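Structural characterization, general
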Amino acid sequence: MAPSGSLAVPLAVLVLLLWGAPWTHGRRSNVRVITDENWRELLEGDWMIEFYAPWCPACQNLQPEWESFAEWGEDLEVNVAKVDVTEQPGLSGRFIITALPTIYHCKDGEFRRYQGPRTKKDFINFISDKEWKSIEPVSSWFGPGSVLMSSMSALFQLSMWIRTCHNYFIEDLGLPVWGSYTVFALATLFSGLLLGLCMIFVADCLCPSKRRRPQPYPHPSKKLLSESAQPLKKVEEEQEADEEDVSEEEAESKEGTNKDFPQNAIRQRSLGPSLAADKS
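This text gives an overview of the structure that appears in the document. (Residues numbered from 1 in each chain as written. Predicted model: local features only at pLDDT ≥ 70, side-chain atom pairs only at ≥ 80, totals over all residues. Heavy atoms only, no water.)

1. Points about the overall build of the protein
Operational definition: Only runs of H or I of at least four residues qualify as helices and only runs of E of at least two qualify as strands under DSSP, and these elements are numbered from the N terminus. Partly exposed residues are those whose accessible area sits between 20% and 50% of the maximum for their type, while under 20% is buried and over 50% is exposed, using a 1.4 Å probe and protein chains only. Residues count as neighbours in contact if any of their non-hydrogen atoms are within 4.5 Å of one another. A 1.4 Å probe and the Shrake-Rupley method give the accessible areas. Residues count as covered only by the protein chains that appear here.
Helix and strand counts for the protein stand at eight helices and five strands. Counting from the amino terminus, the protein carries its helices and strands in the arrangement α-β-β-α-α-β-α-β-β-α-α-α-α. The burial tally for the protein puts 23% of its 280 residues in the buried class. Of the contacts made within the protein by residues no fewer than 6 positions apart, 66% connect residues no fewer than 24 positions apart. Within the structure as shown, the protein displays about 21,200 Å² of accessible surface, and the carbon and sulfur contribution to it stands at 61%.

2. Side note on the pattern of salt bridges
This is how it is decided: Basic side-chain nitrogens of Lys or Arg form a salt bridge, by our definition, when they fall within 4 Å of a carboxyl oxygen of Asp or Glu.
Tallied over the full model, the rule gives two salt bridges. One salt bridge in this structure joins Arg 32 and Glu 41, with 2.8 Å as the shortest N-O distance. Among the residues examined, Arg 32 registers a relative accessible area of 35% and is labelled partly exposed. Looking at Glu 41, the relative accessible area reads 35%, which means it is partly exposed. Measuring nitrogen to oxygen at the nearest pair gives 3.2 Å for the salt bridge that ties Glu 110 to Arg 112.

3. Let's talk about the sheet that holds strand S5 (residues 110-114)
In plain terms, the rule: Pairing between two strands requires that DSSP report at least two bridges joining them. Lines fitted to the C-alpha atoms define the axes, with helices restricted to the stretch that makes contact. Angles between their N-to-C directions range from 0 to 180 degrees.
Taken in spatial order, the five strands line up as S1-S3-S2-S4-S5 in an open sheet, and their pairing is mixed. The sheet is open, and its two edges are formed by strand S1 (32-33) and S5, each paired on a single side. Bridge count for strand S4 (residues 102-107) against S5 is five bridges, and the pairing is antiparallel. Looking at the pairing, Lys 107 lines up with Glu 110 of S5. Taken strand by strand, helix H2 (residues 57-70) contacts strand S2 (46-52), strand S3 (79-84) and S4, and its axis lies near 160 degrees from that of S2.

4. Notes on the pairing of S3
Within S3, five of the six residues are buried, leaving the element largely enclosed by the surrounding structure. Here S1 pairs with S3 via two bridges, running parallel. Directly across from Val 33, in S3, lies its bridge partner Lys 82. Sheet analysis places S2 next to S3, joined by six bridges and oriented parallel. Within the sheet, the bridge partner assigned to Trp 47 lies in S3 and is Asn 79.

5. Notes on the nonpolar core
Put simply, the test is: Among buried residues, those of type Ala, Val, Leu, Ile, Met, Phe, Trp, Tyr and Cys that are joined through side-chain atoms within 4.5 Å constitute a nonpolar core.
Among the nonpolar cores identified, the biggest contains 19 residues, and Ile 34, Ile 49, Phe 51 and Phe 95 are the most heavily contacted of them. Listed by contribution, the elements that provide at least two residues to this core are S2, S3 and S4. Among the elements that line this core, the one with the most residues is S2, at four residues. Listed in part, the 16 residues of the second largest apolar core include Leu 62, Leu 76, Ile 103 and Phe 126.

6. Description of unusual backbone geometry
With an omega of -10 degrees, the peptide bond between Leu 100 and Pro 101 qualifies as cis. Assignment of secondary structure puts Pro 101 in the loop between helix H4 (89-94) and S4. One non-glycine residue, Glu 77, lies in positive phi territory at about 55 degrees. Along the chain, Glu 77 turns up in the loop between helix H3 (73-76) and S3. Look at Glu 77 and you get exposed, because its relative accessible area is 67%.

7. A few points about the environment of Gln 63
To keep things clear, this is the line we draw: Polar contacts, as used here, are pairs of N or O atoms within 3.5 Å; protein pairs need one atom able to donate a hydrogen and one able to accept it. Residues neighboring in sequence count only if both atoms are side-chain atoms.
Secondary-structure assignment places Gln 63 in helix H2. For Gln 63, a relative accessible area of 18% gives the class buried. The spatial distance from the C-alpha of Gln 63 to the C-alpha of Glu 50 is 9.6 Å, given a sequence separation of 13 residues. Those residues in contact with Gln 63 that sit more than four places away from it in its chain are Glu 50 and Tyr 52. A polar side-chain atom of Gln 63 sits 2.9 Å from a polar atom in the side chain of Glu 50.

In structure tokens form, the structure reads like this:
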């Protein structure tokens with residue numbers, strides 16, 4: 001019986017350790033994981049978010065304090081979260097993460113960068129005493145939900161995708177480095193041409209240009225004929241002007257003769273009887 005009693009104690013200790021391991025792991029799950037899919041949850045409520053990388057020594061030193069602070073999250077009515085920038089490059093671009101670790105506080109969509117001491121006590125005082133009110137919030141232009149930051153997020157995601165493809169070409173397909181660069185250069189050239197054509201098409205649809213029909217250019221022979229015809233036209237015009245002047249003079253002379261004709265007729269009539277008397 002003695003040997004069995006001596007084995008009972010180590011077995012009991014082992015059972016307690018195995019039972020306590022998931023309980024401890026469950027306590028650490030108080031830190032929520034934020035990704036590109038659920039980051040909009042940060043826009044509602046009170047949040048403290050840590051941006052970290054697994055290879056960062058400062059981030060590794062901060063993890064115990066951050067986990068202990070997360071245990072007070074329910075009492076302080078604050079959500080404690082973390083973002084792995086190696087897994088979520090889009091969020092690192094959306095929040096402009098230039099140093100690790102970086103901590104943000106968010107209250108109903110207003111983001112403020114935490115730059116105080118990084119201990120559990122300081123985190124608790126920051127929330128309980130509402131010290132975040134003394135910090136100027138991030139401008140709406142640089143907020144994570146703005147168009148500018150959405151573009152930055154897409155750019156960071158594209159860079160990560162290019163890096164993944166580069167590693168795939170070199171490691172899996174066995175291409176040389178210059179071969180991978182050549183593939184990306186051709187892809188960039190083709191995408192640039194395609195994008196340029198699309199932009200031209202859209203611009204032509206939105207702002208169509210006024211197309212003017214080209215004016216027919218006169219043939220050299222026709223031009224010479226027209227130039228030679230100009231003096232002839234001038235001569236003809238001068239002749240027509242002279243003829244008009246002559247016709248006007250003739251019309252005036254005719255009018256004068258017509259006016260004199262009745263007077264002569266009257267004189268002849270008046271002289272007629274007198275001549276007859278003389279003859280008799």
